[in-house]
Amino acid sequence: MNDDDMLAETELAEEELRRLGLGYVHVRAYGELACLEAPREEISAITGEPLRAEVLRAVRGAGFDRVAVHLDAD
C-alpha cells in the first residue's frame, strides 16, 4: 500500500467516525492496521457496545484489516 492509499483510507475512516459523532477520534495508519487515538475519557465509549461494532464497521469499511486503540494518546 502506498502513502496516497493510506492517506485516503485514513481520511475515509475519520469521516465515517465523524458521522458516528466521534470527531475527537483520530486514525493513524500502520499498513493494514488503523490505530485510533481518542481522549482518555472517551476510550470506554468507543470500545463498548453498541458503539464498538459501529466503529469497527466504519474503520474496516474504509479499507483497514485491523483496528487498535492507542491507550497512551493524549
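Criteria and cut-off values
- Residues numbered from 1 in each chain as written.
- Predicted model: local features only at pLDDT ≥ 70, side-chain atom pairs only at ≥ 80, totals over all residues.
- Heavy atoms only, no water.
- Axes fitted to C-alpha atoms, helices over the stretch in contact; angles between N-to-C directions.
- Helix = DSSP H or I, 4+ residues; strand = E, 2+ residues; numbered from the N terminus.
- Parallel < 35°, antiparallel > 145°, perpendicular 65-115°, else oblique.
- Left-handed = near helix turned anticlockwise from the far one by under 90°.
- Contact = heavy atoms within 4.5 Å.
- Nonpolar A, V, L, I, M, F, W, Y, C, P; charged D, E, K, R; others polar.

Visitor: Can you help me understand the packing of helix H1 (residues 3-19) against helix H3 (residues 51-61) in this one?
Guide: In helix packing, the relevant descriptors are the interaxial angle and the interaxial distance, both defined with respect to the helix axes. At their nearest, the axes of H1 and H3 sit 8 Å apart, and the two run at 150 degrees to each other. As the angle between them shows, H1 and H3 are arranged roughly antiparallel. The interaxial crossing formed by H1 with H3 has right-handed handedness. On H3, the residues touching Leu12, Ala13, Glu16 and Leu17 of H1 are Val55, Arg57, Ala58, Val59 and Gly61. Of the residues in the contact of H1 with H3, the class split is six nonpolar, one polar and two charged.

Scope: geometric values only; no functional claims are made or implied.
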